[in-house]
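Here is what each chain is made of, one letter per residue.
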Amino acid sequence: MSQSNIETNRNRWIPAVIVLAVVVLAVGGYLLATRGAQLAGTGRAAEAVPLTTTELRKLPALPETDAIKPTGKVFERTIAIKESRQEIAPGVTVKTFAFDGKTPGPLLRFTEGDTVKITFKNELKEPTAIHFHGMHLSAGMDGVPPLSQNPIQPGESFTYEFVAPHAGTYMYHSHQNSIEQIDAGMYGALIIDPQNPEGQPKFDKDEVWMLGAWTGMDAGMDMKDMEMDHSQGDMGYIYFTINGKAFPLTMNEPLKVKKGDRVRLRLINISNLVHPMHLHGHDFRVIAKDGHPVKDPQVMNTITVNPGEIYDIEFIADNPGQWVFHCHQLHHTVNNGVEPGGLIGVITYEGAKPFGDMKLLDPLLKPAAGQKPAEHGGGMKMEGMDMQGMDESKMNMRN
Ligand SMILES: [Cu+2]
């Protein structure tokens, strides 16, 4: 084909392209105009729709406590620390070290100025000590052997006694052989309520989510002698729990709300991992960190909770349905490598139905009988990995 023929052909095409463009614009314009008329007909085009966060941003910050008077009331509690067993993920039951047999342990809740006496009975085969995380106590009550006390020996008890300091969300946990005892489940939440109700907001819901991580091993196993497969987990952690349960077990205890509820959720990270917690369908405000009110609460929908950090968040339940609030470190939303699992909490509105078929979760709820936790989906997942050029004999999947 000569150069002039190409030019001629191109010239023939130009009018056709112009006609096509005009047709596309005309049809598109007609559709937009029709849609606009439909919206105008319902009045929706003219109406300004308020942001969902408008009401949330109007709420005042939590008041600060300046001084605390002793109330004269006594809060007394005895808690046994003992070996127990807990199902942390469907079909995965591990030996735990637990407060009164459960992880997390009982929620301890009292008021600023109360005289508090908490006795821990050590029924384990090893020494322990309990630390009240974030609370200003006298040094002898801090639970850190040997700086603040001698370890509580097996069969012995120790009573921590103090006047409850300022209001907030806290936790208690082992501070002896911590990595092993905390990983075995030795932790619980603690709430101190303000003694002066003036200016305190009223919440329709007030709940605690304690974030934990598990190796899937029984408590008390000597890790050094174990041949552990760390390939899938994060630092050897392969199960991730909210209040001691991984998704889909978390669905048995969802955060239940009604439309219009003002919800306070206290997030406590006792795991050794960072969890960016992301809420669907709502924004929230951080109203307190580590037991201290935040002066100008920030509206957001993802909060990164570091190990040992505690955030109180609030949101208005203004979007009915069933929603997830999950860690966005997606290695933490699995049960031993199988998704979905782990740190997925569920918020469910009264009367709300799921839009999909919940039977899809059935396979996750019924792991094969006789499977040991370490065998669940074990080994390295290779899908999506480009193995070309890799010398398999040099790959060390175990450490
Ligand atoms: Cu996480």
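What you see is a predicted model; the values in this text were computed from it and never measured.

Caption draft 1: The arrangement of the sheet that holds strand S5 (residues 130-133) in detail. With mixed pairing, four strands are arranged side by side in an open sheet as S3-S8-S7-S5. Edge positions in the open sheet fall to strand S3 (108-111) and S5, since each of these has one partner strand only. Between one strand axis and the next, the sheet turns by 20° as a mean value, whatever way the strands run. Of the pairings in the sheet, the one linking S5 to strand S7 (residues 168-174) comprises four bridges and is antiparallel in character. Bridge assignment links His133 to a residue of S7, and that residue is Met171.

Caption draft 2: Seen up close, the sheet that holds strand S20 (residues 344-349). Ordered by their spatial adjacency, five strands build an open sheet running S11-S20-S19-S13-S17, and the pairing between neighbours is mixed. Of all strands in the sheet, those with a lone pairing partner are strand S11 (255-257) and strand S17 (302-305), marking the two edges. Between one strand axis and the next, the sheet turns through 20° on average, direction left out of account. As defined by bridge partners, strand S19 (residues 322-327) adjoins S20 across five bridges and the pair is classed as antiparallel. The residue of S20 that forms the bridge with Gln322 is Thr348.

Caption draft 3: View of empty space enclosed by the protein. Under the counting rule described, the total for this entry stands at one cavity of 30 Å³ or more. In this structure, the largest cavity spans a volume of roughly 50 Å³. What lines the largest cavity is Thr52, Thr53, Leu56, His282, Asp283, Ile316 and Asp318.

Caption draft 4: Spatial organisation of the side chain of Asp183. Turning to its location among the elements, Asp183 is positioned in helix H3 (residues 178-183). Here Asp183 falls in the buried class, since its relative accessible area comes to 17%. At 2.7 Å, the side chain of Asp183 and the side chain of Tyr237 are in polar contact. Apart from residues no more than four positions distant in its own chain, Asp183 is found in contact with Ser178, Ala213, Trp214, Tyr237 and Asn272.

Caption draft 5: Summary view of unusual backbone geometry. Here the bond from Phe247 into Pro248 is cis, since omega is 5°, no more than 30 degrees from zero. With respect to the helices and strands, Pro248 occurs in the loop between strand S10 (239-242) and S11. In the segment running from Glu339 into Pro340, the intervening peptide bond is cis, with an omega of -5°. Its place among the elements puts Pro340 in the loop between S19 and S20. If you check the backbone angles, Asp100 has positive phi at about 55° while not being a glycine. Along the chain, the position of Asp100 falls in the loop between strand S2 (92-99) and S3. Given the relative accessible area of 33%, Asp100 is considered partly exposed.

Caption draft 6: Layout of the coordination of the copper ion. Within the protein, the copper ion binds to His275 (ND1), Cys327 (SG) and His332 (ND1); these donor distances fall in the range 1.9 to 2.1 Å. Each donor residue of the copper ion lies on one chain, and together they are spaced H-x51-C-x4-H. Here Cys327 and His332 have matching classes, each one buried.

Conventions adopted
- Residues numbered from 1 in each chain as written.
- Predicted model: local features only at pLDDT ≥ 70, side-chain atom pairs only at ≥ 80, totals over all residues.
- Heavy atoms only, no water.
- Pairing = 2+ DSSP bridges.
- Helix = DSSP H or I, 4+ residues; strand = E, 2+ residues; numbered from the N terminus.
- Axes fitted to C-alpha atoms, helices over the stretch in contact; angles between N-to-C directions.
- 1 Å grid on protein atoms, 1.4 Å probe; cavity = no way out; pocket = protein on both sides within 12 Å on 5 of 7 lines; lining within 4 Å.
- Points joined across faces, edges and corners; volume = space filled by probe spheres on them.
- Buried < 20%, exposed > 50% of the residue type's maximum accessible area, 1.4 Å probe, protein only.
- Polar contact = N/O pair within 3.5 Å; in protein donor to acceptor, adjacent residues only side chain to side chain.
- Contact = heavy atoms within 4.5 Å.
- Donors = N, O, S within 2.8 Å, 3.2 Å for Na, K, Ca; no water.

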